[in-house]
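Below, each chain spelled out in residue letters.
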Amino acid sequence: MAEIMILLLFVLLMALAAALQNRDSRIQALDGGGASRLVEELQRAYPQARNSDDYFKELTRAIEARRQVEAASVERGADNLMADAEVGRQVREAAASSGVKDSEQFVKEVVAASSRGRKGQWPPFFSLSEAGGYFFDSGKATLRPEFDRNLRDEVIPMLAKSVSDYDVDVVEVIGHTDEVPMSGTSNLDGSLIAASVGRTSIAQLRSTDNAGLAMARAVAVVHVLRADPRLRRVSILPLSGAQMIVPVDRVADGTARGDDQRRRRIEIRMRRSTQQASPSMRR
């Protein structure tokens, strides 16, 4: 059923692009249910989406396969699938459901996103949690040997491919912890930056709180990523989410008790730098 719903999305996107590029095409009704059915299928296919922006984000990811569907459909007579009036109605309803008043502009945006390929899409993020086997030494930032090995053999190749595919130049490494309190003596103010560039051993880092521990662990991962030539062209930044963010993307309410492997994690996210993104933001 999931494959059928996704295929319906692909075919609708193909029809919208065809309507913009060839006003004289005559196409029959695709599904008879209009945009209301599209919204229903989107909600079923992506139950985690919270608003129209989330649904549009999923659509842009789906566009990648549109050209393949379009090429296959042309052989079966795609230009005879729907009447122009029906396409226009669906375009207007889809635009209205997305909060866009100008239906032609809505289609142009969809087609433009398609033409950019992955470089116009949102890159994936990677979550490396203790629940998934990515362990640190207890209360420390030291990478265990298997964690270090998996970073080099599995995670870095995926990051390098995504950097190229999505045209990004910033990698953010975010450390997260659970809410178990810490104690002891911290040396992060004097040692954290030095450890990030290799002047101090990661094993010597000590923290007294979860915010510092999360940052120290992010620095440990950043140190490995920065040393790999496959990521030499990107800026790699350590950040701390501390105990504040619960998977996935929810603010903690402070009621959790005990340890939680899912929350003790490293998240790696990619984006375009502010300088690189600023020209498109001005348009």
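Please read these numbers as outputs of a predicted model, since none were measured by experiment.

## Description of the sheet that holds strand β6 (residues 265-271)
- Read from one edge of the open sheet, 4 strands run β1-β6-β2-β3, paired in mixed fashion. Edge strands, defined here as strands with exactly one partner in the open sheet, are β1 (126-129) and β3 (235-242). Direction aside, the axes of adjacent strands within the sheet are offset by 20° on average.
- Two elements, β1 and β6, share 4 bridges in a ladder whose sense is antiparallel. Within the sheet, the bridge partner assigned to Ser127 lies in β6 and is Glu267.

## Things to note about the packing of helix α7 (residues 145-166) against helix α9 (residues 210-226)
- With their axes 10 Å apart at the nearest point, α7 and α9 run at an angle of 60° to one another. Classed by the angle they form, the pair α7 and α9 counts as oblique. The two elements α7 and α9 meet at a crossing, and its hand is right-handed. Where α7 abuts α9, its residues Phe147, Asp148, Leu151, Arg152, Ile156 and Leu159 lie against Val221, Val224 and Leu225.

## Regarding helix α8 (residues 188-196)
- Buried within α8 are the following residues: Leu188, Ser191, Leu192, Ala194, Ala195 and Ser196.
- In this structure, the buried side of α8 is in contact with α9.
- Positioned one or two residues after α8, Gly198 has a phi angle of 90°, which is positive.

## Remarks on α7
- Counted at 1.5 Å a residue, the expected span for α7 with its 22 residues is 32 Å, and the 30 Å between its end C-alpha atoms agrees.
- Of all the bends in α7, the greatest measures close to 40° and is centred on Leu151.
- Among the residues of α7, those classed as buried are Phe147, Leu151, Val155, Ile156, Leu159, Ser162, Val163, Asp165 and Tyr166.
- Contact partners of the buried residues in α7: β1, β2 (170-176), α9 and β6.
- At the C-terminal side of α7, Asp167 shows a positive phi close to 55°.

## Details of the side chain of Asn210
- One can find Asn210 in helix α9.
- Leave out the neighbours within four places in its chain, and Asn210 touches Thr177, Asp178, Glu179, Val180, Pro181, Met182, Ala242 and Gln243.

## Quick word on the confidence of the model for the chain
- The pLDDT averaged across the chain works out to 75; a share of 54% of its residues lies at or above 70.
- By mean pLDDT, the top-scoring element of the chain is β2 (96), and the lowest-scoring one is helix α10 (residues 274-282) (51).
- Every residue in residues 22-33 is under pLDDT 50, and counting partners more than four places away or in other chains gives 34 contacts.
- Contacts from residues 76-83, a stretch scored under 50 in pLDDT, to residues over four places away or in other chains number 25 contacts.

## Remarks on the packing of aromatic side chains
- Across all of its chains, the model carries 2 aromatic pairs by this definition.
- An aromatic cluster of three or more residues is present, and its members are Tyr134, Phe136 and Phe147.
- The ring of Phe125 has Arg269 lying over it, and the distance from NZ or CZ to the ring centre is 4.4 Å.

## Overview of the pattern of salt bridges
- Taken as a whole, this structure holds 11 salt bridges when the rule is applied.
- In this structure, Arg264 engages Glu130 in a salt bridge whose closest nitrogen and oxygen atoms are separated by 2.9 Å. Residue Arg264 is found in the loop between β5 (250-251) and β6, and its partner Glu130 is found in the loop between β1 and α7; the two are separated by 134 residues along the sequence.
- The class of Arg264 is buried, set by a relative accessible area of 16%.
- A salt bridge links Arg265 to Glu267; the shortest N-O distance between them is 3.2 Å. Pair check on accessibility: Arg265 and Glu267 agree, each one buried.

## Here's the deal with the nonpolar core
- Counting 35 residues, the largest nonpolar core has Phe147, Val173, Val221, Leu225 and Ile268 as the members making the most contacts within it.
- In terms of residue count, the dominant contributor to this core is α9 (8 residues).
- Once you skip the residues sitting within four places of it in the chain, Phe147 turns out to touch Leu128, Tyr134, Phe135, Phe136, Val221 and Ile266.

## Notes on the environment of Asp253
- Locating Asp253 in the fold gives a position in the loop between β5 and β6.
- Engagement of the side chain of Asp253 in a polar contact is seen with the side chain of Thr255, the distance being 2.6 Å.

## Regarding the packing of α8 against α9
- One way to put it is that α8 packs onto α9 with a least axis distance of 9 Å and a crossing angle of 20°. Considering the angle they form, α8 stands roughly parallel to α9. Here the hand of the crossing between α8 and α9 comes out left-handed. For the pair formed by α8 and α9, the contact residues are Leu188, Leu192, Ala195 and Ser196 on the first element and Gly212, Met215, Ala216, Val219, His223 and Arg226 on the second.
- Looking at the contact of α8 with α9, its residues break down into 6 nonpolar, 3 polar and 1 charged.

What counts and how
- Residues numbered from 1 in each chain as written.
- Predicted model: local features only at pLDDT ≥ 70, side-chain atom pairs only at ≥ 80, totals over all residues.
- Heavy atoms only, no water.
- Pairing = 2+ DSSP bridges.
- Helix = DSSP H or I, 4+ residues; strand = E, 2+ residues; numbered from the N terminus.
- Axes fitted to C-alpha atoms, helices over the stretch in contact; angles between N-to-C directions.
- Parallel < 35°, antiparallel > 145°, perpendicular 65-115°, else oblique.
- Left-handed = near helix turned anticlockwise from the far one by under 90°.
- Contact = heavy atoms within 4.5 Å.
- Buried < 20%, exposed > 50% of the residue type's maximum accessible area, 1.4 Å probe, protein only.
- Expected span 1.5 Å × (residues − 1).
- Bend = angle between axes of the 7 residues up to and from the residue.
- pLDDT = per-residue confidence, 0-100.
- Phe/Tyr/Trp six-rings, centres within 6.5 Å; stacked < 30°, edge-to-face > 60°.
- Lys NZ or Arg CZ within 6 Å of the ring centre and 35° of its normal.
- Salt bridge = Lys/Arg side-chain N within 4 Å of Asp/Glu carboxyl O.
- Core = buried A, V, L, I, M, F, W, Y, C linked by side-chain atoms within 4.5 Å.
- Polar contact = N/O pair within 3.5 Å; in protein donor to acceptor, adjacent residues only side chain to side chain.
- Nonpolar A, V, L, I, M, F, W, Y, C, P; charged D, E, K, R; others polar.

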